[in-house]
Amino acid sequence: MPLPDPIRRRSLAAAAALLASAAAVRGSLAQIRPEEGRVAIAVGARSTVSYLPLTIAAQLGYFRAEGLDVTLIDLPDEAGALQALGAGAADVASCTYEHTIRLQARGPALQSFVLQGRTPQIAVGISTRTMSAYRGVADLRGRRIGVSASESATQSVLGILLRRGGLSPADVSLVSVGMGAGALNALRSGQIDAISNVEPVMTMLEHRGDVRILADTRSLAGAQDILGGPMPAGCLCASTEYVQKHPATCQALAHAIVRALKWLRTAGPGDIVRTVPEEYLLGDRGLYLLSLAKVIEAFSLDGLMPQDGARTALRVLQDGDVSVRADRVNLGQTYTNTFARVAKDRFKA
């Protein structure tokens, strides 16, 4: 479905800027990428809780333990991560699984090889200040709604809510607000009337009474209610060519992520907060802990992609994007469990 003109213009401008940024990063990595054991991972908004397994693997030295020298390229959103991957500035991307489906439907092929999250960890809420008289989804018509970026999982989840209420994305004004402090400020300053976003942003807004939650996929039960089943989210993916040519690297990365997932199942909240960089807490340690509690069950247990999860993702995308056609998508090519199975056996995850 065509994007409204304002968000389309912003997306085109952002894409141009990100390509330039990717080219610069590509140049800086040119001397090290050919060397064995070095890998660049592009990640959109690494500070979000969705990519906590990646952060844990980096902070606790799990990549180094696998003989990898990993460079994390932190970009504002997943669109930036995919731009960096496509431009050759990164070998691997940390993003939501649904992008492997979107891109296969359009031509370029990406393959997920280890899963980080089994729900999108996204909530949709309305501003309690500008929409205090809200009575139902129909009241969102014509309103400004913040999403992390165009063609993102936050937009997909929002689309499900809108369609349930008889609306479509064309009936609202979509605004890209990112997934950090910018998203918080956009809602609190009244620039948007509703928001679809991830953690810790949504808990911070919810806890202070800034939003009223309408849809919630931060738990397995919530994902089942809104999406009809668990929908795979954060993953590590790369071009199918890269996966085929660098199986040892993909296996080492899968080992590190699955080890991090196992650590998350036994670590206490205090251990997690002490491990992540201070800036990820967005200035509030207590609220970060609350956000962790809301999503802790949403992380994958073993890095494996469930078959029903891939089907759920395809159905959700089809519901919101007419360009995604099931007859042009081979789900079996969008992911592989080969590496995660080996890692699961190794770490008894």
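Residues numbered from 1 in each chain as written. Predicted model: local features only at pLDDT ≥ 70, side-chain atom pairs only at ≥ 80, totals over all residues. Heavy atoms only, no water.

(A) Geometry of the sheet that holds strand β1 (residues 38-44). One open sheet accounts for five strands, arranged β2-β1-β3-β10-β4; its pairing is mixed. Both edges of this open sheet fall to β2 (69-75) and β4 (110-115), since each of them pairs with a single strand only. Each adjacent strand pair in this sheet contributes to an overall mean axis angle of 30 degrees, direction not counted. (Pairing = 2+ DSSP bridges. Helix = DSSP H or I, 4+ residues; strand = E, 2+ residues; numbered from the N terminus. Axes fitted to C-alpha atoms, helices over the stretch in contact; angles between N-to-C directions.)

(B) Spatial organisation of the confidence of the model for the protein. On average, residues of the protein carry a pLDDT of 88, and 88% of them reach 70 or more. Overall, residues 1-16 carries pLDDT values under 50, and its contacts beyond four positions in sequence, including any with other chains, amount to 23 contacts. Low pLDDT (under 50) marks residues 21-35, which in the prediction has 19 contacts with non-local residues, meaning those over four places away or in another chain. (pLDDT = per-residue confidence, 0-100. Contact = heavy atoms within 4.5 Å.)

(C) The arrangement of the sheet that holds strand β6 (residues 144-147) in detail. Read across the open sheet, the five strands follow the order β7-β6-β8-β5-β9; overall the sheet is mixed. The open sheet has two free edges, formed respectively by β7 (173-176) and β9 (211-216), since each of these has just one partner strand. When the angles between neighbouring strand axes are averaged without regard to direction, this sheet yields 25 degrees. Pairing geometry for strand β5 (residues 123-127) and β9, over five bridges, is antiparallel. Counted as the bridge partner of V124 is A215 from β9. Of the strands in this sheet, β5, β8 (194-197) and β9 are in contact with helix α7 (residues 181-188), which crosses β8 at around 165 degrees.

(D) The arrangement of empty space enclosed by the protein in detail. Enumeration according to the criterion identifies four cavities of 30 Å³ or more in this entry. Of the residues assigned to the lining of the largest cavity, the class counts are seven nonpolar, seven polar and one charged. (1 Å grid on protein atoms, 1.4 Å probe; cavity = no way out; pocket = protein on both sides within 12 Å on 5 of 7 lines; lining within 4 Å. Points joined across faces, edges and corners; volume = space filled by probe spheres on them. Nonpolar A, V, L, I, M, F, W, Y, C, P; charged D, E, K, R; others polar.)

(E) Seen up close, unusual backbone geometry. Here the bond from E199 into P200 is cis, since omega is 5 degrees, no more than 30 degrees from zero. Examined against the element boundaries, P200 turns out to sit in the loop between β8 and α8 (201-207). Phi is positive for L282, close to 50 degrees, though the residue is something other than glycine. Inspection of the secondary structure assignment puts L282 in the loop between α12 (269-275) and α13 (285-295). Classification of L282 by relative accessible area gives partly exposed; the value is 30%. (Buried < 20%, exposed > 50% of the residue type's maximum accessible area, 1.4 Å probe, protein only.)

(F) Main features of the pattern of salt bridges. A full pass over the atoms with the stated rule returns 15 salt bridges. R208 is paired through a salt bridge with D284; the nearest N and O atoms lie 3.0 Å apart. Of the two residues, R208 sits in the loop between α8 and β9 while D284 sits in the loop between α12 and α13, which places them 76 residues apart along the sequence. The class for R208 is partly exposed, based on a relative accessible area of 46%. Here K344 and D302 are joined by a salt bridge, their closest N and O atoms 3.4 Å apart. Of the two residues, K344 sits in helix α16 (residues 338-347) while D302 sits in the loop between α13 and α14 (307-320), which places them 42 residues apart along the sequence. Each of E199, E206, D216, R218 and K294 takes part in a single network of salt bridges with overlapping partners. (Salt bridge = Lys/Arg side-chain N within 4 Å of Asp/Glu carboxyl O.)

(G) View of the packing of aromatic side chains. One pass over the full model with this rule turns up two aromatic pairs. Seen from their ring centres, F113 and F339 are 6.2 Å apart, and the 80 degrees between their planes marks the pair as edge-to-face. Of this pair, F113 sits in strand β4 while F339 is found in helix α16, placing the two residues 226 residues apart along the sequence. By the burial criterion, F113 is buried, and F339 matches it. (Phe/Tyr/Trp six-rings, centres within 6.5 Å; stacked < 30°, edge-to-face > 60°.)

(H) Fine view of α7. Along α7, the residues classified as buried are A183, L184, A186 and L187. Taken around the axis of α7, the buried residues stretch over an arc of 165 degrees, which confines them to a single face. On the buried face of α7, the contacting elements are β5, β8, α8 and β9. Looking one or two residues past α7, G190 carries a phi angle of roughly 85 degrees, positive in sign. (Arc of directions from axis to C-beta.)

(I) Highlighting the environment of S323. With respect to the secondary-structure elements, S323 resides in the loop between α14 and α15 (331-334). As a C-alpha pair, S323 and R102 span 221 residues in sequence and 8.5 Å in three-dimensional space.

(J) Quick look at the pairing of β1. Most of β1 sits out of view: six of its seven residues are buried. Bridge count for β1 against β2 is seven bridges, and the pairing is parallel. The partner of R38 across the bridge, within β2, is D69.

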